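Residue strings, one per chain:
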Amino acid sequence: MAEYSFEIVSRNVDLGGGWALRLLEDGEERGGGVYPLAAYQGATAKEAGKMALAEALAEAESWIDTRRGGAGELRADAP
């Protein structure tokens, strides 16, 4: 059975800040996305960072749920 996990790492401010998501299957990247702070206009940088992280986590949870049939516990692999 394949092992599904994800990584969320902060992005450099020069790249727009926020977070980068990597979706992993057996340790190999299968997808992902970026969640820049600019996507949350009108929010403070701190609020935008929290919203971007929440969106990345929701995407990771959704991706893993579709592979596990909605069961299982999420595990984030931190660098």
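What you see is a predicted model, and the numbers here were worked out from it, not measured in a lab.

**Q** In this structure, what is going on with the packing of aromatic side chains? I would like to understand it.
**A** Working definition: an aromatic ring pair is given by the centre-to-centre distance plus the angle between the planes. Following the criterion strictly, the structure yields one aromatic pair and no others. Centre to centre, the rings of Y4 and W63 are 5.6 Å apart; their planes meet at 80 degrees, and the pair counts as edge-to-face. Here Y4 is found in strand β1 (residues 4–10), whereas its partner W63 is found in helix α1 (residues 45–68), with 59 residues between them in sequence. Judged by its relative accessible area of 10%, W63 falls in the buried class.

**Q** Help me understand unusual backbone geometry in this model?
**A** The residue D26 is not glycine, and still its phi comes out positive at about 50 degrees. With respect to the secondary-structure elements, D26 resides in the loop between β2 (19–25) and β3 (28–35).

Basis of the calculations
- Residues numbered from 1 in each chain as written.
- Predicted model: local features only at pLDDT ≥ 70, side-chain atom pairs only at ≥ 80, totals over all residues.
- Heavy atoms only, no water.
- Phe/Tyr/Trp six-rings, centres within 6.5 Å; stacked < 30°, edge-to-face > 60°.
- Helix = DSSP H or I, 4+ residues; strand = E, 2+ residues; numbered from the N terminus.
- Buried < 20%, exposed > 50% of the residue type's maximum accessible area, 1.4 Å probe, protein only.

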